[in-house]
Amino acid sequence: MKLIVGLGNPGREYENTRHNIGFMMIDSYVQKKELGSFKEKDRGLFLKAKVGDEDVIFLKPLSYMNLSGEVVKRYVQFYKIEIMDILVISDDLDLEIGNFKLKSSGSSGGHNGLKNIEQHLKTNQYKRLKIGISNRKDLDTKDYVLGFLSKEEKKVIEDLSITVEKIFDDFFQVDFSCLMNKYNRKNR
């Protein structure tokens with residue numbers, strides 16, 4: 001069983017903000033594939049679906065970004081998911097908007113959601129897909145990441161969701177090192 005975790009913050013006030021890229025990518029995939037509706041359980045919105053031959057749980061923690069690890073840990077324990085079968089989607093300030101990077105493990109890079117997941121899973125060996133949101137040095141980081149995507153940024157993210165859909169499909173079928181080799185070169 002695979003676990004796809006999209007990071008974000010719950011509530012209308014956070015919809016279409018840069019920090020909610022993880023939620024957006026999961027929502028886009030689930031809608032395009034017509035996989036069903038999310039249900040609420042253990043402070044998370046989740047959807048259990050069959051994608052090809054793979055059982056998959058799509059999870060959007062509702063505990064706010066900085067406490068995402070608590071929710072992820074509950075799902076990992078309840079469904080007995082192996083660390084190697086987890087993919088976390090998050091925003092990344094160090095990548096330009098529309099760029100992305102697949103990583104098999106590593107540091108949080110200062111991202112509080114990833115930091116909290118590492119703390120609760122007691123490892124940084126989970127896979128991640130980092131989605132670029134650029135960085136505005138003239139703005140406070142918190143204000144920037146919680147700021148709304150511009151019309152142009154939304155278009156870039158919508159276009160990127162097509163590639164992310166292919167990444168998800170391949171994640172369910174191929175070795176992660178092959179996935180990284182295939183997609184990490186595709187940035188603009």
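Up top is the structure these notes are about.
The structure reproduced in this document is the subject of the present report. For every chain, the first residue of the written sequence is number 1, and numbering continues from 1 onward in sequence order. Reporting of local features is limited, given that this is a predicted model, to residues whose pLDDT is at least 70; pairs of side-chain atoms are given and counted only at 80 or more, and all residues count toward the totals for whole chains, interfaces and linings. Computation of side-chain values covers all heavy atoms of the structure but excludes hydrogens and water.

### Observations concerning the nonpolar core
Ranked by size, the top nonpolar core spans 34 residues in total, and within it Ile4, Phe58, Leu129, Ile131, Phe168 and Phe172 carry the most contacts. Setting aside residues up to four positions removed in sequence, Phe58 forms contacts with Ile4, Ile26, Tyr29, Val30, Leu35, Phe38, Leu45, Phe46, Leu47, Ala49, Val51 and Phe172. Throughout, nonpolar core names a set of buried Ala, Val, Leu, Ile, Met, Phe, Trp, Tyr and Cys residues whose side chains join them through atoms within 4.5 Å. For each residue, the accessible area found with a 1.4 Å probe, counting protein chains only, is set against the maximum for its type, and the residue is called buried under 20%, exposed over 50%, and partly exposed in between. Membership of the second largest hydrophobic core comes to 19 residues, among which are Leu7, Tyr75, Val76 and Leu114. We call two residues contacting when some pair of their heavy atoms lies within 4.5 Å.

### Regarding the side chain of Arg128
With respect to the element layout, Arg128 can be found in strand S7 (residues 127-132). In this tally Asp and Glu are treated as negative and Lys and Arg as positive; neither His nor the chain ends contributes. Any Lys or Arg side-chain nitrogen located within 4 Å of an Asp or Glu carboxyl oxygen qualifies as a salt bridge. Buried within the structure, Arg128 lacks any salt-bridge partner; its nearest side chain of opposite charge belongs to Glu118, at an N-O separation of 5.7 Å. Among the polar contacts listed, one links the side chain of Arg128 to the backbone oxygen of Ser107, at a separation of 3.1 Å. For this analysis, a polar contact is any N or O atom pair within 3.5 Å, provided that within protein one partner can donate a hydrogen and the other can accept it, and provided that sequence-adjacent residues contribute only side-chain to side-chain pairs. Within the structure, the side chain of Arg128 is placed 2.9 Å from the backbone oxygen of Asn124, a separation counted as a polar contact. Runs of H or I in DSSP of at least four residues are treated as helices and runs of E of at least two as strands, each being numbered from the N terminus.

### Some thoughts on helix H1 (residues 21-33)
Take the residue count of a helix, subtract one, and multiply by 1.5 Å to get its expected span. The first and last C-alpha atoms of H1 sit 18 Å apart over 13 residues, in line with the 18 Å expected at 1.5 Å per residue. Summarising the contacts, the buried residues of H1 are in contact with strand S1 (2-6), strand S3 (44-51), strand S4 (54-61), strand S5 (86-92), S7 and helix H5 (151-171).

### Examining the packing of H1 against H5
At a closest axis distance of 9 Å, the pairing of H1 and H5 adopts a crossing angle of 70°. Between H1 and H5, the angle is such that the two are roughly perpendicular. Seen along the crossing, H1 lies across H5 with a hand that is right-handed. For the pair formed by H1 and H5, the contact residues are Ile21, Met24, Met25, Ser28, Tyr29, Lys32 and Lys33 on the first element and Ile157, Leu160, Ser161, Ile162, Val164, Glu165, Phe168 and Asp169 on the second. Throughout, the ten residues Ala, Val, Leu, Ile, Met, Phe, Trp, Tyr, Cys and Pro are labelled nonpolar, Asp, Glu, Lys and Arg are labelled charged, and all others, Gly among them, are labelled polar. Residues that form the contact of H1 with H5 fall into these classes: 9 nonpolar, 2 polar and 4 charged. Interaxial angles span 0 to 180 degrees and are taken between N-to-C directions of axes, which are lines fitted to C-alpha atoms, for helices over the stretch in contact. Just so you know how the angles are binned, under 35 degrees is roughly parallel, over 145 roughly antiparallel, 65 to 115 roughly perpendicular, and the rest oblique. The crossing is said to be left-handed when, going from far helix to near helix, the turn is anticlockwise and less than a right angle, and right-handed when the turn is clockwise.

### Thoughts on the packing of aromatic side chains
Aromatic rings from Phe, Tyr and Trp, with only the six-membered ring used for Trp, were paired whenever their centres fell within 6.5 Å, and each pair was classed as stacked if the ring planes differed by under 30 degrees, edge-to-face if by over 60, and tilted otherwise. Going through the model one piece at a time under the given rule, you end up with 9 aromatic pairs. Here the aromatic rings of Tyr14 and Tyr64 are separated by 6.1 Å at their centres, their planes lie at 80°, and the arrangement is edge-to-face. Of this pair, Tyr14 sits in the loop between S1 and H1 while Tyr64 sits in the loop between S4 and helix H2 (68-79); the two residues are 50 residues apart in sequence, bridging distant segments of the chain. Accessibility expressed as a relative area gives 40% for Tyr64, which makes it partly exposed. Measuring from ring centre to ring centre gives 5.7 Å for Tyr29 and Phe58, while their planes differ by 35°; the resulting arrangement is tilted. Here Tyr29 is found in helix H1, whereas its partner Phe58 is found in strand S4, with 29 residues between them in sequence. Across the pair, Phe58 and Tyr29 agree in class, each one buried. An aromatic cluster is built from Tyr29, Phe58, Phe168, Phe171, Phe172 and Phe176, whose rings are joined through pairwise contacts. The criterion for a charge sitting over a ring is simple: Lys NZ or Arg CZ within 6 Å of the ring centre, and within 35 degrees of the ring normal. Note that Lys2 overlies the ring of Phe171, its terminal NZ or CZ placed 4.9 Å from the centroid. If you follow Lys60 out to its NZ or CZ, it ends over the ring of Phe38, 4.4 Å from the centre.

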